[in-house]
Amino acid sequence: MTHIIHPLLLCGGSGTRLWPLSRKSYPKQFAKLTGEDSLFQASAERLSGDGFAAPLVITASDFRFIVIEQLAAKEISASATLIEPEGRNTAPAILASALVLEAETPGALMLVAPSDHVIPDAAQFRAAVAAAAPTAAEGQLVTFGIRPDRAETGYGWLELSQSPEDDFAPVAQPLKSFVEKPDAEKAEGLLSGGQHLWNAGIFLFATDTLIAAFEKHAPEMLASARQAVDAAEADLSFTRLDPEAWAEMEDISIDYAVMEKAENLSVVPFSGAWSDLGGWDAVWLESGPDSDGVVTSGPATSIECENTLLRAEDDAQQLVGIGLQDVIAVAMPDAVLVAHKDRAQDVKKAVVALKQKGASQAEILPRDYRPWGWFESLVVGGRFQVKRIHVHPGAALSLQSHHHRSEHWIVVEGTAQVTIDEEVKLVTENQSVYIPLGAVHRMENPGKVPMVLIEVQTGSYLGEDDIIRYEDVYSRGQGAKG
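Residues numbered from 1 in each chain as written. Predicted model: local features only at pLDDT ≥ 70, side-chain atom pairs only at ≥ 80, totals over all residues. Heavy atoms only, no water.

- The protein chain goes by mannose-1-phosphate guanylyltransferase in an unreviewed UniProt entry, where it is assigned to Shimia sagamensis.

1. A few points about the overall build of the protein chain
Here is step 1: Helix and strand counts for the protein chain stand at 11 helices and 28 strands.
Here is step 2: Taken over the C-alpha trace, the protein chain has a radius of gyration of 24 Å; the compact-globule value for 482 residues is 23 Å, and the two agree within 12%.
Here is step 3: Seen through its C-alpha atoms, the protein chain measures out along the principal axes to roughly 75 × 60 × 40 Å.
Here is step 4: The long-range share in the protein chain, meaning contacts at least 24 apart out of those at least 6 apart in sequence, stands at 68%.
Here is step 5: Of the roughly 21300 Å² that the protein chain leaves accessible, carbon and sulfur atoms contribute 49%.
Here is step 6: Within the protein chain, the 68 negative side-chain charges are centred at a point lying 4 Å from the centre of the 38 positive side-chain charges. (Helix = DSSP H or I, 4+ residues; strand = E, 2+ residues; numbered from the N terminus. Rg over C-alpha atoms; globule rule 2.2 N^0.38 Å. Contact = heavy atoms within 4.5 Å. Areas by Shrake-Rupley, 256 points an atom, 1.4 Å probe, with all protein chains shown as cover. Lys, Arg positive; Asp, Glu negative; His and termini not counted. Charge placed at Lys NZ, Arg CZ, Asp CG, Glu CD.)

2. Section: the UniProt feature "domain: Nucleotidyl transferase" (unreviewed entry) in the protein chain
Here is step 1: According to UniProt, the "domain: Nucleotidyl transferase" (unreviewed entry) feature falls on residues 7-284.
Here is step 2: Counted over residues 7-284, helix gives 35% and strand 22%. Its end C-alpha atoms are 29 Å apart. (UniProt positions renumbered as here; feature names shortened; annotations may be inferred.)

3. Topic: helix H11 (residues 347-357)
Here is step 1: Regarding H11, the residues found buried are Val347, Val351 and Leu354. All buried residues of H11 fall inside an arc of 70 degrees around its axis, so they share one side. Exposed and oriented more than 90 degrees from the buried face of H11 are Lys349 and Gln356.
Here is step 2: Looking at the buried residues of H11, the elements they touch are helix H10 (280-286) and strand E17 (336-340).
Here is step 3: Immediately downstream of H11, the backbone of Gly358 shows phi near 80 degrees, a positive value. (Buried < 20%, exposed > 50% of the residue type's maximum accessible area, 1.4 Å probe, protein only. Arc of directions from axis to C-beta.)

4. With respect to the sheet that holds strand E16 (residues 327-331)
Here is step 1: Pairing is mixed across the open sheet formed by 4 strands, whose spatial order is E12-E14-E16-E17. Every interior strand has two partners, whereas the edge strands, strand E12 (294-297) and E17, have only one. On average, each strand axis in the sheet is tilted by 5 degrees relative to the strand beside it, whichever way the strands run.
Here is step 2: As defined by bridge partners, strand E14 (residues 308-312) adjoins E16 across 4 bridges and the pair is classed as parallel. Bridged to Leu309 within E16 is Ile328. (Pairing = 2+ DSSP bridges. Axes fitted to C-alpha atoms, helices over the stretch in contact; angles between N-to-C directions.)

Pasting the structure below:
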């Protein structure tokens, strides 16, 4: 019997251990870390094609248009995109998604997949999923365990009920127990014992099986999740889960909520390459170090370095390392990280320290992504700011006004259609237009190529929340992003 798999892509995390590239405003799943596609795009492609239904996606409100844009670039459409009112770990997200899918396709097999993992051999992983499907269809909660190649302390582990087959074939067997992230000594024992796998946080089960598990082990969460789904509101192509019911649910992982309590647990070994890119040391490893153990990315140059990652993200900069050993150096236009490779897991401490200082670099990228394109600040002064604004073909900003600033737009690529109060006109390359304080205005890109303009703002307050929206094709509310 052929089973149809319904992927659930989890993409609401912040990925602080890959700061400064990954930040709260644009986390690692949407970044191009190891190839031409983002991790999210690679995950969606890996779980598409024969045997797979359109993916279900759950994400945060700020990322909803990024999700749609990145899927569209790969010609993939989501069956539904659920919006979490706030991040509350994996249990609420997975449960709400299971309720939505169960209502549409009772008893559907749902594959829970974080969208920030690297699995180079997609065919091998799909084969493991296919091997697990009959077990899941029989009422088991199936987790996938990764064949370990080192004594890793950054992952949880899975204890098998029996030794895996010699080739770690994807054959389901009862799961004996979950093991918390071990210390170095215990990890060595788990590795040498041969009966433990890494916990990848990837699951396969029938939706009714999971719902029954919550009914037994976390009934209060199930009641709140039902309410959050039943009271959800449509927003364009998105589904916004009810915030009041969502707030009642515990902030807890799926492992703690039900998996560690359930009796119908199975595990399928996966022997292929896998990484959750949980730190810059993992990015270094996945990027394929050269014979000296060096990885360079972007405008970066290594001179007599060993076991070092040098990564620069802006073509206007040059990152040079000389005589470095076991060092991670990541340069962004507004922030630079330099760390010993053994301290990769401590990068999140930098985020905490910067937040305590009130530094915007802790969470905000210099490039701000919007449904119509993106912008970045080039120069900021006491009463002025200069931005570069990129508008996708056919896209339009909201019809808006400002209380505290006026704007001057200079088109440098493409053509803009500009509305200022009652006047609508085309502004082409090397032409400019002035937007007086308080004027109701909008810019649109009517062309087939991207439109780029330079915006000069002047005024007493230049914050992104000084926006009054009158019309918006993306149905955003008031405020910086809506």
